[in-house]
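Here is what each chain is made of, one letter per residue.
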Amino acid sequence: QPIMNLANGAIDRCEVLLRLQDGDGTVITPDAFLPVAERFGLMHQIDRWVVREAIRFVAAEHQADRNVQVAINLSGSSLTDVSVLACIEDELRRTGVDPRALVFEATETVAIGNIAEACRFAQRLADIGCAFAQTQLISRSSKRSCRWPSVLGSKRLLNSSVTQRRWICCGSTA
């Protein structure tokens with residue numbers, strides 16, 4: 001999904017949104033298939049596929065002289081899966097994509113479930129030059145927010161009426 005820069009009208013960011021199509025072309029939303037994938041232990045495979053496809057998309061965009069940054073949502077199970085990190089590194093090496101073009105996201109709820117692993121995952125992403133965003137869905141009136149450990153620090157805070165993102169452990173989010 002493209003994200004337009006309101007200052008200049010450019011589409012320089014996008015977010016990967018996963019959908020399935022059944023045999024007759026009907027679009028199946030994630031809330032219908034991701035719980036089943038989680039139950040059967042398939043999220044690692046899905047996340048690795050999404051990572052590979054997203055990095056290939058960025059490579060193609062950059063080859064067409066369109067610089068774009070892509071946000072990729074990861075499942076909670078991927079935050080503890082070294083094969084997902086290996087997939088990210090392998091695909092970056094294979095395509096030559098600048099790691100700063102990638103922002104990996106996990107919801108605060110998912111990350112808090114295993115904060116130590118999430119912090120290690122975020123730090124490893126930072127080490128290779130990618131960004132990690134903790135996303136918390138909040139209402140406009142909500143004042144509550146959970147804080148990440150200070151070891152990560154907060155590099156950038158983006159707000160909208162529905163989603164609050166803390167960009168942490170990032171190489172660059174320009």
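Check the entry above for the structure.
Residues numbered from 1 in each chain as written. Predicted model: local features only at pLDDT ≥ 70, side-chain atom pairs only at ≥ 80, totals over all residues. Heavy atoms only, no water.

**Student:** Could you clarify how one ought to interpret the overall build of the protein in this entry?
**Tutor:** Scanning the protein for helices and strands turns up five helices and nine strands. When the elements of the protein are put in sequence order from the N terminus, they spell out β-β-β-β-α-α-β-α-β-α-α-β-β-β. Excluding contacts between residues fewer than 6 apart, the proportion of contacts in the protein whose partners are at least 24 apart in sequence is 67%. When the accessible surface of the protein is summed, it comes to about 9900 Å², and 53% of that surface belongs to carbon and sulfur atoms. (Helix = DSSP H or I, 4+ residues; strand = E, 2+ residues; numbered from the N terminus. Contact = heavy atoms within 4.5 Å. Areas by Shrake-Rupley, 256 points an atom, 1.4 Å probe, with all protein chains shown as cover.)

**Student:** What is the right way to look at the packing of aromatic side chains in this model?
**Tutor:** Two descriptors summarise a pair of aromatic rings, namely the distance from one centre to the other and the angle between the planes of the rings. On inspection of all chains with the given rule, the structure shows one aromatic pair. Both rings, one in Phe121 and one in Phe132, keep their centres 6.3 Å apart while their planes meet at 65°; by these two values the pair is edge-to-face. Here Phe121, found in helix H5 (residues 115–128), pairs with Phe132, found in strand E7 (residues 131–137); they are eleven residues apart in sequence, far enough to count as distant. (Phe/Tyr/Trp six-rings, centres within 6.5 Å; stacked < 30°, edge-to-face > 60°.)

**Student:** Would you mind going over the nonpolar core with me for this structure?
**Tutor:** Where a protein is soluble and globular, its nonpolar side chains tend to be buried together. Within the largest apolar cluster, 29 residues are counted, with the highest numbers of intra-cluster contacts made by Ile88, Phe104, Phe121 and Leu125. Counting only elements with at least two residues in this core, the list comes to helix H2 (43–63), strand E5 (69–73), helix H3 (82–95), strand E6 (102–107) and H5. Sorting elements by how many residues they give to this core places H2 first, with six residues. The residues contacting Ile88, other than those within four sequence positions of it, are Val51, Ile55, Phe104, Phe121, Leu125, Ile128 and Cys130. (Core = buried A, V, L, I, M, F, W, Y, C linked by side-chain atoms within 4.5 Å. Buried < 20%, exposed > 50% of the residue type's maximum accessible area, 1.4 Å probe, protein only.)

**Student:** Help me out: how do you make sense of the pattern of salt bridges in this one?
**Tutor:** For side chains bearing opposite charge, pairing can occur when the charged atoms are close. Tallied over the full model, the rule gives ten salt bridges. Arg66 is the partner of Glu61 in a salt bridge, and the nearest nitrogen-oxygen pair spans 2.8 Å. For Arg66, a relative accessible area of 44% translates into the label partly exposed. (Salt bridge = Lys/Arg side-chain N within 4 Å of Asp/Glu carboxyl O.)

**Student:** Where do I start with a nonpolar patch on the surface in this structure?
**Tutor:** A contiguous nonpolar patch, built from Met4, Leu6 and Ile11 and spanning about 360 Å² of accessible area, is present on the exposed surface. Since its relative accessible area comes to 49%, Ile11 is described here as partly exposed. (Patch = residues over 30% accessible without salt bridge, like charges linked within 9 Å, V, L, I, M, F, W, Y side chains within 5 Å.)

**Student:** Is there a simple way to explain helix H1 (residues 30–39) in this structure?
**Tutor:** Those residues of H1 not exposed but buried are Pro30, Phe33 and Ala37. In an axial view of H1, the angular spread of the buried residues amounts to 90°, which keeps them on one side of the axis. Every exposed residue of H1 that faces more than 90 degrees away from the buried side is listed here: Asp31, Glu38 and Arg39. Those residues of H1 hidden inside the fold are in contact with strand E3 (20–21), strand E4 (27–28) and H2. In the segment just after H1, Gly41 is the residue with positive phi, at about 70°. (Arc of directions from axis to C-beta.)

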